[in-house]
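# A structural walkthrough
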Amino acid sequence: MKTIITFGTFDLFHIGHLNILTRARQLGDRLIVGVSSDALNIRKKGRTPVYDQQDRMQILEALKCVDAVFLEESLEKKADYIQQFDANVLVMGDDWTGRFDAVSRDCEVIYLPRTPSISTTSVIEVVKTKGER
Ligand code: CTP
């Protein structure tokens, strides 16, 4: 059983999120997703997510490519989560390249290319701009 693990906020779920999860799932037999808690997101990105952690987890749980979801409370606990879920591969988008090389002792680390031209931040900007017209 090859277990893949990945992490993220997945706020305002968009096609870039779906693409990385689908590709991650194809690398193994099951995909576990650590969803950044609301508190962690404030520390990490300086803003409260639009969708709260419960809703973000529920959306991910409903996806065909996702086998299990848990709440990620700290960026520093990657190695603990990898051990807890017995993960063989950590997948992250290439915006994180090099950031998790420390855990390559515990499992393989693969950075997948991001889907171009979309992010939660850009969606928020587009909606804001349209609202101002
Ligand atoms: N991701 C991706 N392609 C995109 C956007 C995100 O592959 N266009 C990946 C990220 O690399 C990460 C995962 O999706 O592995 C979760 O990313 P997240 O930070 O939740 O989404 P972003 O859209 O990047 O959010 P933000 O704009 O708030 O940084």
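What comes next concerns the included structure. (Residues numbered from 1 in each chain as written. Predicted model: local features only at pLDDT ≥ 70, side-chain atom pairs only at ≥ 80, totals over all residues. Heavy atoms only, no water.)

### Observations concerning the environment of Ala-102
Heads up, the rule is: Under the DSSP-based scheme used, a helix requires at least four consecutive residues in state H or I and a strand at least two consecutive residues in state E, with every element numbered from the N terminus. Burial status follows relative accessibility: with a 1.4 Å probe on protein chains alone, a residue under 20% of its type maximum counts as buried, one over 50% as exposed, and anything between as partly exposed.
For Ala-102, the position within the fold is in the loop between β4 (89–93) and β5 (108–112). Residue Ala-102 is classed as exposed on the basis of its relative accessible area, which comes to 52%. Between the C-alpha atom of Ala-102 and that of Arg-30, which follows or precedes it by 72 residues, the distance is 23 Å.

### Concerning the sheet that holds strand β2 (residues 30–36)
Going by this rule: For two strands to be treated as a pair, DSSP must find at least two bridges joining them. In this analysis an axis means a line fitted to C-alpha atoms, helices contributing only their contacting stretch, and an angle means the value between N-to-C directions, from 0 to 180 degrees.
Strands sit in the order β3-β2-β1-β4-β5 across an open sheet of five strands; the sheet is parallel. Each edge of the open sheet is held by one strand with a lone partner, namely β3 (68–72) and β5. Between one strand axis and the next, the sheet turns through 25° on average, direction left out of account. Relative to β4, strand β1 (residues 3–8) runs parallel, the two being bridged by three bridges. Bridged to Ile-5 within β4 is Leu-90.

### Some details on the site of the ligand
Rule in force here: The criterion for a residue being near a molecule or strand is simple. One of its heavy atoms has to lie within 4 Å of it. We call two N or O atoms a polar contact when they sit within 3.5 Å, provided that within protein one can donate a hydrogen and the other can accept it, with sequence-adjacent residues counted only if both atoms are side-chain atoms. Residues are sorted three ways: Asp, Glu, Lys and Arg are charged, Ala, Val, Leu, Ile, Met, Phe, Trp, Tyr, Cys and Pro are nonpolar, and all the rest, Gly among them, are polar.
In the region of the ligand, 17 residues are neighbours, and Lys-45, Arg-47, Asp-95, Ile-118 and Thr-121 sit closest. His-17 has a polar side-chain atom sitting 2.9 Å from an oxygen atom of the ligand. Note that an oxygen atom of the ligand is positioned 2.5 Å from one of the side-chain N or O atoms of Thr-121. Elements with a contribution of two residues or more to the shell around the ligand: α1 (15–25) and α5 (120–132). Here the shell around the ligand takes three residues from α1, the largest share from any one element. A per-class count over the shell around the ligand returns three nonpolar, ten polar and four charged.

### Observations concerning α1
As a reminder, the rule being used: Directions from the helix axis toward the C-beta atoms define the arc. Contacts are assigned to residue pairs that have any heavy atoms within 4.5 Å of one another.
Within α1, the full set of buried residues consists of Gly-16, His-17, Ile-20, Leu-21 and Ala-24. The buried residues of α1 occupy one face: seen down the axis, they fall within an arc of 125°. Where the residues of α1 are buried, they touch β1, β2, α3 (53–61), β4, β5 and α5.

### Remarks on the state of the cysteines
Which entries qualify depends on this criterion: Pairs of cysteine sulfur atoms within 2.5 Å are identified as disulfides in what follows.
In the structure shown here, the tally under the stated rule is zero disulfides. Looking at Cys-65, it has no disulfide partner, and the nearest cysteine sulfur is the one in Cys-107, 19 Å off. Its relative accessible area of 6% is what places Cys-107 among the buried residues.

### Considerations on the packing of aromatic side chains
Here is the rule we go by: Geometry of aromatic contacts follows a simple scheme: Phe, Tyr and Trp rings, the Trp one being its six-membered ring, pair when their centres are within 6.5 Å, and the pair is stacked under 30 degrees between planes, edge-to-face over 60, tilted otherwise. Whether a charge sits over a ring comes down to the Lys NZ or Arg CZ being within 6 Å of the ring centre and within 35 degrees of the ring normal.
Taken as a whole, this structure holds five aromatic pairs when the rule is applied. With 5.9 Å between their ring centres and 90° between their planes, Phe-7 and Phe-70 make a pair best called edge-to-face. With a gap of 63 residues between them, Phe-7 in strand β1 and Phe-70 in strand β3 connect regions that are remote in the sequence. Between Phe-70 and Tyr-81, the aromatic rings sit 4.9 Å apart at their centres with planes inclined by 45°, giving tilted as the arrangement. Of this pair, Phe-70 sits in strand β3 while Tyr-81 sits in helix α4 (residues 78–84); the two residues are eleven residues apart in sequence, bridging distant segments of the chain. Grouping aromatic residues by their ring pairs yields a cluster made of Phe-7, Phe-70, Tyr-81 and Phe-85. A cation over a ring is seen here: Lys-78 above Phe-7, with NZ or CZ 4.3 Å from the ring centre.

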